[in-house]
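# Coordinate analysis (summary)
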Amino acid sequence: MRKLVIASNNAGKLKEIQKILLPFDIEAVSQANLGVTETDEPFETFVENALAKARHASRSTKLPSLADDSGICVSALGGAPGVHSARYAGEPKSDERNNQKLTQLLKAHVDRRAYYYCAIVLIRHADDPQPIIVDGSWHGEIVQTPRGEGGFGYDPYFFLPDLNMTAAELPMEQKNAISHRGKALRKLGELLTQYTL
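Residues numbered from 1 in each chain as written. Predicted model: local features only at pLDDT ≥ 70, side-chain atom pairs only at ≥ 80, totals over all residues. Heavy atoms only, no water.

Under an unreviewed UniProt entry, the name given to the protein is dITP/XTP pyrophosphatase, and the source organism is Nitrosomonas nitrosa. UniProt, in the comment section headed Sequence similarities (unreviewed entry), describes the protein in these words: "Belongs to the HAM1 NTPase family." The annotation that UniProt attaches to the protein under Subunit (unreviewed entry) is "Homodimer." (UniProt positions renumbered as here; feature names shortened; annotations may be inferred.)

Below is the structure:
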């Protein structure tokens, strides 16, 4: 089994990534389990932040590294919170405060359209000049009242009209099949057959 480090300490994200990578015979280990601290995400694009995280984790562990940068983009807010989704309400990170800020800002808006976006970067080593980069998006809308106990982040407020459910109401298998991260990881899986870690 090949081994790589996941450049994230987000438990929900780690669980999703590990489950999706399992069929590819890849052991995905959290950077926290290897003593790697989080790094800054100073950039204004998802891809640049994902690459910075992947390089940091790979440099610290000497292993191939996978990092994602993802967030929710809301039409009425000009694409915000975007790359700032995890810290939308400031430090320390708090899903509850982020969701409060988002729903408060949207109270006066009729347009509730939003989408999750995910950029994933996989590198063989810290200075890899040819990282694999894949992405995925998942469209829905924001509701004012949370629904569901699953998921994480903005999931209880991210409503999928076609399913009449929020992301937090979906079983994990169903969420992984249709989510932004699931779509990106499936693209990555297709590329892994041609890629040597």
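## Details of the overall build of the protein
Within the protein, the regular secondary structure consists of five helices and seven strands. From first element to last, N terminus to C terminus, the protein shows the α and β order β-α-β-α-β-α-β-β-β-β-α-α. Against the compact-globule benchmark of 16 Å for 197 residues, the protein has a radius of gyration of 17 Å, which places it among compact chains. Over its C-alpha atoms, taken along the principal directions, the protein stretches across nearly 50 × 30 × 25 Å. (Helix = DSSP H or I, 4+ residues; strand = E, 2+ residues; numbered from the N terminus. Rg over C-alpha atoms; globule rule 2.2 N^0.38 Å.)

## Observations regarding unusual backbone geometry
The amide bond that connects Ala-80 to the next residue, Pro-81, takes the cis arrangement and shows omega of -5 degrees. Omega for the peptide link from Glu-91 to Pro-92 comes to -10 degrees, which places this bond in the cis form. Following the sequence through the fold, Pro-92 ends up in the loop between β3 (65-74) and α3 (95-106). Despite not being glycine, Lys-62 has its phi angle at roughly 60 degrees, a positive value.

## Quick notes on the packing of aromatic side chains
Under the criterion given, the structure shown has four aromatic pairs. Their ring planes at 50 degrees and their centres at 5.1 Å tell us that Phe-46 and Tyr-117 sit as a pair that is tilted. You can see Phe-46 sitting in helix α2 (residues 46-61) and its partner Tyr-117 sitting in strand β4 (residues 113-123), a full 71 residues away along the chain. Neither residue differs from the other here; Phe-46 and Tyr-117 are each classed as buried. With 4.7 Å between their ring centres and 55 degrees between their planes, Tyr-116 and Phe-158 make a pair best called tilted. Taken together, the residues Tyr-116 in strand β4 and Phe-158 in strand β6 (residues 158-160) connect sequence positions 42 residues apart. On the basis of relative accessible area, Phe-158 is assigned to the buried category, the value being 0%. A network of ring pairs unites the aromatic residues Tyr-116, Trp-138 and Phe-158 as a single cluster. (Phe/Tyr/Trp six-rings, centres within 6.5 Å; stacked < 30°, edge-to-face > 60°. Buried < 20%, exposed > 50% of the residue type's maximum accessible area, 1.4 Å probe, protein only.)

## Notes on the nonpolar core
A general trend in soluble globular proteins is that nonpolar side chains are found buried together. Core analysis: the largest hydrophobic core is formed by 18 residues, its most contacted members being Leu-4, Leu-21, Leu-66, Ile-120, Leu-122, Leu-185 and Leu-188. Elements with a contribution of two residues or more to this core: β1 (2-6), α1 (11-21), β2 (26-30), β4, β5 (132-142) and α5 (180-192). Excluding residues within four positions of it along the chain, Leu-66 makes contact with Leu-4, Val-5, Ile-6, Ala-7, Ile-17, Leu-21, Ile-120, Val-121, Leu-122, Leu-185 and Leu-188. By size, the runner-up hydrophobic cluster in this structure holds 16 residues, among which are Ile-72, Leu-77, Trp-138 and Leu-160. (Core = buried A, V, L, I, M, F, W, Y, C linked by side-chain atoms within 4.5 Å. Contact = heavy atoms within 4.5 Å.)

## What about the UniProt feature "active site" (unreviewed entry) in the protein?
UniProt records the feature "active site" (unreviewed entry) at Asp-69, using the numbering of this structure. Polar side-chain contacts of Asp-69 include one of 3.4 Å to the side chain of Asn-49. (Polar contact = N/O pair within 3.5 Å; in protein donor to acceptor, adjacent residues only side chain to side chain.)

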